[in-house]
Amino acid sequence: MPQTLAEVTDIATRGYAQPEVLVSTQWVADHLDDPKVRLLESNEDILLYETGHIPGAVKIDWVTDLNDPLLRDYIDRPRFERLLRAKGISKDTTIVFYGDRNNWWATYAFWVFKLFGVENLRVVDGGRLRWIDEGRELVTDVRRYPEGNISVKERDDSRIRAFRPQVEEHLKRSGKLVDVRSPEEYRGERLHMPEYPNEGAVRGGHIPGAKSIPWGRAVNAETHTFKPAAELRTIYEAENGLRATDDVVAYCRIGERSSHTWFALTYLLGFKNVRNYDGSWTEWGNTVRAPIEKP
Amino acid sequence: MDRETRLAWLVDHYQRPRHKGALADADARVPGGNPGCGDIITLYVKDGTVSWEGTGCTLSQASASILAERVNREHTSFEDILAITPETWMDLLGREFADARPQCALLALGTLKAAVKTVEMNRTLKAAGHTDEQIKELRCAIDSLEA
């Protein structure tokens, strides 16, 4: 391990509501050959897994694996079940996600798996960057596993997912909204990106009343690990007035960064009612007459 | 090109980018991308030569490198640059990767086309009698409107 590497505190000492949902890189190193553990790498960068990954990890891609190829939605239960079985996942498998960009795609995959009621999910604290910073091994060979036997439930979109009509109702009730995009996107200064036809928006700004809390604030920039609960409470509760009992909707551009905030609020701070609005700004900012605030 | 060869080609361009760096006194310098997402490209055009700067994912950066290499090697005309279709470019990069990340695959091409159009418009303005200083002021005004 490089001598200059910033130390991380033990996950169990950070005061999280559900600390068991995070595992350390050392825990991963200790379970590389554990047949009951399946590592899933979920990245923004579609070629990153191929350039090197944690030994034994399999790739899961949010577009080609999790998204329906036709509808803007996730795949259905039969396809999801086949996907998991093909990756060697059985009912007693512990699934451990990690990925690039401080795990935002790992938490996105985690959130989608939760929609299908999959249990035994974990996230590697610090993700791919921490693993690399610690000088741990990456390999390019892709390990194949015998087909698993997991059965998954029908997708339940009612508890942790919000659709636009529900966000509109939430807005009428003055419900708490968290915009996790960059401040420039929140302020509407960055309206549409040149040649980004698929993810642009016609209007810039934010949903009225939304608090701007960029997703990355939940992460220690040096170690890439999640901040302790006390620091997270300062950010979300003291600075922005959220409470663990609040009904909260988080959004970003397409729902991936907000899944990271959903994860932090739900599992690290113990919020009971957090939903991820995956339609996010690409839907809201393109919807005729959707109310927008722009400072 | 099979999948493994194509993958190695893309990764090589990502790890050893060609024509990366700013061009001094460029005819056009056009930024593109989404800082919130992480892929950033700036394209420079000067006398038909192209260079680029950027950060981001393997595919977006490899695509910029491949594009600059091709345009510079083949002395591709502006007309031919503008005629490169997204489909053609995604076929070249490999559909198995590009279809899953079209924004990343097309960022450099789209930004280069914007740079080419900027150069062409500047020429048109100059032909209409505007000075370089006036064109610069017009560009600044347009940029501030877009921001």
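Residues numbered from 1 in each chain as written. Chains lettered and ligands numbered in written order. Predicted model: local features only at pLDDT ≥ 70, side-chain atom pairs only at ≥ 80, totals over all residues. Heavy atoms only, no water.

A word on the overall build of chain A. Broken down by element type, chain A carries eleven helices and nine strands. The globule rule puts the C-alpha radius of gyration for 295 residues at 19 Å, and the 19 Å found for chain A is close to it. Principal axes of the C-alpha set define a box for chain A whose edges measure 55 × 45 × 40 Å. Within the span of chain A, comprising 295 residues, buried residues form 56% of the whole. On chain A, roughly 12,600 Å² of surface is accessible, and the fraction owed to carbon and sulfur atoms is 49%. The averaged location of the 46 negative side-chain charges in chain A is 4 Å from the averaged location of its 42 positive side-chain charges. (Helix = DSSP H or I, 4+ residues; strand = E, 2+ residues; numbered from the N terminus. Rg over C-alpha atoms; globule rule 2.2 N^0.38 Å. Buried < 20%, exposed > 50% of the residue type's maximum accessible area, 1.4 Å probe, protein only. Areas by Shrake-Rupley, 256 points an atom, 1.4 Å probe, with all protein chains shown as cover. Lys, Arg positive; Asp, Glu negative; His and termini not counted. Charge placed at Lys NZ, Arg CZ, Asp CG, Glu CD.)

Okay, the pairing of strand E8 (residues 247–251) of chain A next. Residues and elements named next belong to chain A. Burial runs high along E8: four of the five residues are buried. With four bridges connecting them, strand E6 (residues 176–179) and E8 associate as parallel partners. By the bridge assignment for E8, Lys-176 is matched with Val-248. The sheet contact formed by E8 and strand E9 (residues 273–277) spans five bridges and is parallel. The partner of Ala-250 across the bridge, within E9, is Asn-276. On the question of chirality, the crossover connecting E8 to the parallel E9 by way of helix H10 (residues 257–268) is right-handed. (Pairing = 2+ DSSP bridges. Right-handed = clockwise from strand over helix to strand, strands pointing away.)

Let's shift gears to the environment of Ser-212 of chain A. Residues and elements named next belong to chain A. When you line up the elements, Ser-212 lands in strand E7 (residues 211–212). Assessed through its relative accessible area of 24%, Ser-212 is described here as partly exposed. Considered as a pair, Ser-212 and Leu-177 are 35 residues apart in the sequence and their alpha carbons are 8.8 Å apart.

Further remarks concern helix H4 (residues 86–93) of chain B. Residues and elements named next belong to chain B. All buried positions along H4 are accounted for by Trp-89, Met-90 and Leu-93. Taken down its axis, H4 places every buried residue within 95° of arc, on the same side. Phi turns positive, to about 110°, at Gly-94, one or two residues after H4. (Arc of directions from axis to C-beta.)

Right, let's talk about helix H2 (residues 58–74) of chain B for a bit. Residue and element names in this part refer to chain B. Compared with an ideal rise of 1.5 Å per residue, which puts 17 residues at 24 Å, H2 spans 24 Å between its outermost C-alpha atoms and is within 8% of the ideal. With 13 of its 17 residues buried, H2 lies for the most part within the structure. Remark: His-75 follows H2 within two positions and exhibits a positive phi of approximately 50°. (Expected span 1.5 Å × (residues − 1).)

Residue and element names in this part refer to chain A. With respect to the secondary-structure elements, His-260 resides in helix H10. Classification of His-260 by relative accessible area gives buried; the value is 0%. When neighbours within four sequence positions are excluded, His-260 is seen to be in contact with Asn-102, Asn-103, Trp-104, Thr-107, Trp-215, Ala-218, Val-219 and Phe-226. (Contact = heavy atoms within 4.5 Å.)

So, about the pattern of salt bridges. Across all of its chains, the model carries 44 salt bridges over all chains by this definition. The residue Asp-76 of chain A makes a salt bridge to Arg-79 of chain A at a minimum N-O spacing of 3.2 Å. Take Arg-79 of chain A: its relative accessible area is 27%, and that puts it in the partly exposed class. Residues Asp-246 of chain A and Lys-176 of chain A are paired through a salt bridge, measuring 2.9 Å at the closest nitrogen-oxygen approach. Of this pair, Asp-246 of chain A sits in the loop between helix H9 (229–238) and E8 while Lys-176 of chain A sits in strand E6, and the two are 70 residues apart along the sequence. Overall, Lys-176 of chain A belongs to the partly exposed group, its relative accessible area being 24%. What you see here is one network of salt bridges that share partners, running through Asp-12, Arg-16, Arg-18, Glu-69, Arg-73 and Glu-74 of chain B. (Salt bridge = Lys/Arg side-chain N within 4 Å of Asp/Glu carboxyl O.)

The next thing to look at is the nonpolar core. All names here are of chain A. Membership of the largest hydrophobic core comes to 59 residues, with the highest contact counts inside it found for Phe-80, Phe-113, Val-118 and Phe-263. Broken down by secondary-structure element, the contributors of at least two residues to this core are helix H3 (62–66), helix H4 (77–86), strand E4 (94–98), helix H5 (104–115), strand E5 (121–124), H9, E8 and H10. Top element by residues in this core is H5. It accounts for ten residues. Not counting residues within four places of it along the chain, the set of residues in contact with Val-118 comprises Phe-80, Leu-84, Ile-95, Phe-113, Ile-150 and Val-152. (Core = buried A, V, L, I, M, F, W, Y, C linked by side-chain atoms within 4.5 Å.)

Residues and elements named next belong to chain A. Examined bridge by bridge, strand E1 (residues 22–23) and E5 share two bridges and lie parallel to one another. Its bridge partner being in E5, Val-23 is matched across the sheet by Val-124. The sheet contact formed by E4 and E5 spans three bridges and is parallel. Bridging from a neighbouring strand, Val-96 pairs with Arg-122 of E5. The handedness of the E4 to E5 crossover, carried by H5, is right-handed.

Okay, the sheet that holds E1 of chain A next. All names here are of chain A. Here we have five strands laid out as an open sheet, ordered E1-E5-E4-E2-E3, and parallel in their pairing. With one partner strand each, in any of the chains shown, E1 and strand E3 (58–59) form the two edges of the open sheet. Looking at chain direction, strand E2 (residues 37–41) and E3 are connected through two bridges and run parallel. From the neighbouring strand, Leu-40 faces E3, where its bridge partner is Val-58. Relative to the sheet, H5 contacts E2, E4 and E5, its axis offset from that of E4 by approximately 145°. (Axes fitted to C-alpha atoms, helices over the stretch in contact; angles between N-to-C directions.)

With that settled, the discussion passes to the sheet that holds E9 of chain A. All names here are of chain A. Reading across the sheet, the four strands line up as E7-E6-E8-E9 and stay open at both edges, with parallel pairing between neighbours. Strand pairing shows two members of the sheet lacking a second neighbour, E7 and E9, which therefore form its edges. Across the sheet, H10 is in contact with E6, E8 and E9; its angle to E9 comes to roughly 175°.

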